Amino acid sequence: MARPRPAPRRWRPNMAAGSGGPAAVLLVLLAAAAARLYRAGQDPLTVLTAGSVRRALLNSSAAWLVQFYSSSCGHCTAFAPTWRALAGDVKDWESAIRLGVLDCGEEENYQTCKEYGIHYYPTFRFFKAFTKQFTTGENYKGADRELQTVRQMMIDFLQNHSQELRPPACPPLDPVPSSDITSLFDKSNHHYTAIVFESNNSYVGREVLLDLIQYENIVVKRALNFDKPFLEKLGITSVPSCYLMHPNGSHGLINSLKPLRSFFSSYLKSLPGVRKKLLPLQLPVQENKEESTETKVWKEFDKAKLYMADLESGLHYLLRVELATHKTLEGAELKTFKDFVTVCAKLFPGRQSVVKLLETLQEWLVSLPLDKIPYDAILDLVNNKMRISGIFLTKKVQWVGCQGSRPELRGYTCSLWKLFHTLTVQAALQPKALINTGLEDNPQIVLQVMRRYIQHFFGCKACAEHFEEMAKESMDSVQTLDKAVLWLWEKHNVVNNRLAGALTEDPKFPKVQWPTPDICPTCHEEIKGLHSWNEAQVLQFMKYHYSSENILYKYAESQTDSSETEQGDTREGKDKSLQKKPSGSRENKIQDEENVLGSESKVLDKLIANHGPVKDSDKSAVRSATLKEAKQAVSFLGIGFSNIDMSLCVILYVASSLFLMIMYFFFRMRSKRWKVKYYRSSV
Ligand SMILES: Cc1cc2nc3c(=O)[nH]c(=O)nc-3n(C[C@H](O)[C@H](O)[C@H](O)COP(=O)(O)OP(=O)(O)OC[C@H]3O[C@@H](n4cnc5c(N)ncnc54)[C@H](O)[C@@H]3O)c2cc1C
């Protein structure tokens, strides 16, 4: 084995770091504000938004199958061609059942996805026709997500409607008995009647039936192949077969080359006189508004650097979007969240305002011995509803090193990798950082927290399963903090290898084994002509790349808390005046104290709203937690009265007491003398 070259004291990029993107390129991306993977008006489905989804699903004359996806989820991207193909395939069914999509990765849709209880992407939900009240829908329960399986599940769902709620455009899908068919021969009709004979488990008849619901001059029925003599009489020897009755009374089997849905449907649609109905059925208003033209300016970046904008945007998405899909956190989820916040509070190499936010959140969680916390209460803290000065986390997504050449590529998942690499490296650089948190002395701690985070919260379920497989294999054997850094590096490369060439790969950022020789030449070696990693160099590179020294703050949002001007806040006027005051001013500190105290009732209100009456012990827990914060604020406030002020007060107090005592003794003495004097004279 080649001897590792002596390592430089600290790794420094030795090449002019190339820009991550084409130089000074202005990328004009025609991106839909509401749809990214799917284009309203171009894809044969309905692109729903926060503003349109409820209107579309409530009291709809058609049933719905909606895919809640996230543009940052690789599996959603990979699945998009199937969904589009399905939408095209069942386009003619839309007066009975419609396909929709809602992008939960779009900021404007975050809250809506939360209301629908979407935790993972993609999530498929059925909604029945004519639902009068808000419902979160029924989960898709197909064995797989193959186009044919989803199509068949759509049919089953339609058949699950009661007679009264069945979409008016959807004819009965149950088979007709042979007696009903016999009676058809005696009737004269102005239209064609097609009967698909099939076996009990076949879907062909129902598919053909739905394919023709928008066509006039034809009625399609289905019958089962139970009545053998009847089938023989009609000359049917195999199923599925399609028997056709013409308006002129003639009838016979369709001569189809293959007994397939597409063959039958296309034959029937091309019959003379059969045409698509001109009048569209009354469907819910489709919002397919013209997609907005969004101009995105490419941000120049250095791929050898780490950008705070990526890390902060990732934290914002994680805390306000991914986790916010959970109404409450309890049990293993709550423990994972607490540990995650502790690890971040101690190791995130961020700006003071972000670190303070994480620390406040951590202290609050630690001092709150509840076994169930509504996520809204956590969000209030993240959004700094208490107006504690100096706390701020961007509310905007601003990808720099994680920007993709298309809006649906890279972004959040890229930032999540970077965040966890940063945390493993920070843990290795500051081995004492987690002391007194209960998480110390465990070299795997960041990896284990990441593993649990991915398991419980990561929106991409399939990614989580893959990651868990890798973790199960070898995470437990990690013995040191340095090995933890290398473990994550190695596993990330395994993922890169698996995804290379996949649909989710950004063509501008191909999945490669990282770090590439241009950013870390010493990481690469050849042993007997075979590529090999120099792990000591890789470790050194990782420790530099994911260190605070390598972080650039370009593009990171300036830290003015815009929430202070949020609409509808009753304290708006008060806070506006505070904005002008320098932070740390006495008024601000008083405001902090009031707000922290006020937060107690807020958290209690949230707990009561979510869980009904709160136990006294829980109330006192909240109280003690908020009082602890309040105490900090009072002591902070104490700085406003300097030591001199306090000493003067004490001196004044002592002096006035002494003065009063002297006066007391003086008058006592005088009164005694006076009594003695007058007593004697009277005697
Ligand atoms: C835990 C996890 C599991 C995932 N599983 C899947 C999956 O199964 N299927 C799927 O389609 N998508 C999956 N993803 C998403 C996928 O890995 C990418 O994040 C996504 O495709 C975006 O890729 P990217 O080009 O931005 O680079 P990413 O792979 O996201 O990497 C982000 C940045 O990290 C740096 N980097 C790259 N490799 C390494 C490394 N080995 N060590 C340290 N730093 C590195 C580079 O600077 C790179 O730009 C997963 C994401 C996570 C966080």
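Residues numbered from 1 in each chain as written. Predicted model: local features only at pLDDT ≥ 70, side-chain atom pairs only at ≥ 80, totals over all residues. Heavy atoms only, no water.

As named in an unreviewed UniProt entry, the protein chain is Sulfhydryl oxidase, taken from Amazona collaria. Its UniProt record, at the heading Function (unreviewed entry), says of the protein chain: "Catalyzes the oxidation of sulfhydryl groups in peptide and protein thiols to disulfides with the reduction of oxygen to hydrogen peroxide." (UniProt positions renumbered as here; feature names shortened; annotations may be inferred.)

### Remarks on the overall build of the protein chain
The helix and strand inventory of the protein chain stands at 21 helices and 17 strands. Partitioning the contacts of the protein chain with sequence separation of at least 6, the portion at a separation of at least 24 is 77%. Within the structure as shown, the protein chain displays about 33,800 Å² of accessible surface, and the carbon and sulfur contribution to it stands at 56%. (Helix = DSSP H or I, 4+ residues; strand = E, 2+ residues; numbered from the N terminus. Contact = heavy atoms within 4.5 Å. Areas by Shrake-Rupley, 256 points an atom, 1.4 Å probe, with all protein chains shown as cover.)

### What to know about unusual backbone geometry
Cis geometry is found at the peptide bond from Tyr121 to Pro122, where omega equals -10°. On the secondary structure map, Pro122 appears in the loop between helix H3 (110–115) and strand E4 (123–127). The step from Trp514 to Pro515 runs through a cis peptide bond, and the omega angle for that step is 0°.

### Examining the side chain of Ser415
Mapped onto the elements of the fold, Ser415 is located in helix H13 (residues 412–429). The buried category is assigned to Ser415, whose relative accessible area is 1%. Reaching out from Ser415, the side chain makes a polar contact with the backbone oxygen of Tyr412 at a distance of 2.7 Å. Excluding residues within four positions of it along the chain, Ser415 makes contact with Asp310, Gly314, Trp399 and Cys402. (Buried < 20%, exposed > 50% of the residue type's maximum accessible area, 1.4 Å probe, protein only. Polar contact = N/O pair within 3.5 Å; in protein donor to acceptor, adjacent residues only side chain to side chain.)

### Side note on the packing of aromatic side chains
Using the criterion set out here, one finds 29 aromatic pairs in the structure. Note on Trp83 and Phe124: the rings are 5.1 Å apart at their centroids and 40° apart in plane angle, and the pair reads as tilted. In this pair, Trp83 sits in helix H2 (residues 74–89) while Phe124 sits in strand E4, placing the two residues 41 residues apart along the sequence. Exposure remark for Trp83: the relative accessible area of 0% places this residue in the buried category. Overall, Phe124 belongs to the buried group, its relative accessible area being 7%. Centre to centre, the rings of Phe340 and Tyr453 are 5.2 Å apart; their planes meet at 35°, and the pair counts as tilted. With Phe340 in helix H10 (residues 331–347) and Tyr453 in helix H14 (residues 445–457), the pair connects residues that are 113 residues apart, well separated along the chain. (Phe/Tyr/Trp six-rings, centres within 6.5 Å; stacked < 30°, edge-to-face > 60°.)

### Re the UniProt feature "transmembrane region" (unreviewed entry) in the protein chain
Under the UniProt annotation, the feature "transmembrane region" (unreviewed entry) is placed at residues 650–667. This span, residues 650–667, is 100% helix and 0% strand, and a straight line between its end C-alpha atoms measures 26 Å.

### Topic: the site of the ligand
Around the ligand, the structure places 26 residues, and the nearest of them are Arg410, Trp489, His492, Lys511 and Tyr546. Between the ligand and Lys511, the relevant distance is 2.8 Å, taken from an oxygen atom to a side-chain nitrogen or oxygen of the residue. Mapped by element, the contributors of at least two residues to the shell around the ligand are H2, H13, helix H15 (461–474) and helix H16 (481–499). A total of seven residues in the shell around the ligand trace back to one element, the largest contributor, which is H16. (Near = heavy atom within 4 Å.)

### Structural notes on the state of the cysteines
Within this structure, the stated rule accounts for four disulfides. One disulfide bridge connects Cys402 with Cys414, the sulfur atoms lying 2.1 Å from each other. Between Cys402 and Cys414, the disulfide has an S-S torsion of -70° and is therefore left-handed. Of this pair, Cys402 sits in the loop between helix H12 (375–382) and H13 while Cys414 sits in helix H13; the two residues are twelve residues apart in sequence, bridging distant segments of the chain. Residue classification places Cys402 among the buried positions, given a relative accessible area of 0%. In this structure Cys414 comes out as buried when scored by relative accessible area, which is 13%. Covalent S-S linkage joins Cys520 and Cys523, the inter-sulfur distance amounting to 1.9 Å. (Disulfide = S-S within 2.5 Å.)

### Some points on the pairing of strand E3 (residues 97–103)
Look at any regular strand and the pattern is simple: side chains alternate between the two faces of the sheet. The buried count for E3 comes to seven of seven residues, which makes it a mostly enclosed element. Residues of E3 alternate between two faces, with Ile97, Leu99, Val101 and Asp103 on one and Arg98, Gly100 and Leu102 on the opposite face, all of them buried. One ladder, built from three bridges, connects strand E1 (residues 46–48) with E3; its direction is parallel. The residue bridging Thr46 from the neighbouring strand is Gly100, located in E3. Across seven bridges, the pairing between strand E2 (residues 63–69) and E3 is parallel. (Pairing = 2+ DSSP bridges.)

### Some thoughts on H14
Each turn of an α-helix holds 3.6 residues, which means side chains three or four residues apart point in the same direction. In this model, H14 (13 residues) spans 18 Å end to end at C-alpha, consistent with the 18 Å of a helix rising 1.5 Å per residue. With respect to burial, H14 is a largely interior element, eleven of its 13 residues being buried. Elements in contact with the buried residues of H14: helix H9 (308–322), strand E13 (328–330), H10, H13, H15 and H16. (Expected span 1.5 Å × (residues − 1).)

### Some points on the environment of Met542
Secondary-structure assignment places Met542 in helix H17 (residues 535–545). Under the relative-accessibility criterion, Met542 is labelled buried at 0%. Considering only alpha carbons, one finds Met542 and Thr422, 120 residues apart in sequence, at a separation of 8.8 Å. Among residues more than four places away in sequence, those in contact with Met542 are His421, Val425, Val485, Trp489 and Trp514.

### Details of the confidence of the model for the protein chain
Counting all residues, the mean pLDDT for the protein chain is 82, and 78% of those residues have values of 70 or more. When the criterion is pLDDT under 50, residues 1–35 qualifies, and its contacts beyond four places in sequence or with other chains add up to 75 contacts. (pLDDT = per-residue confidence, 0-100.)

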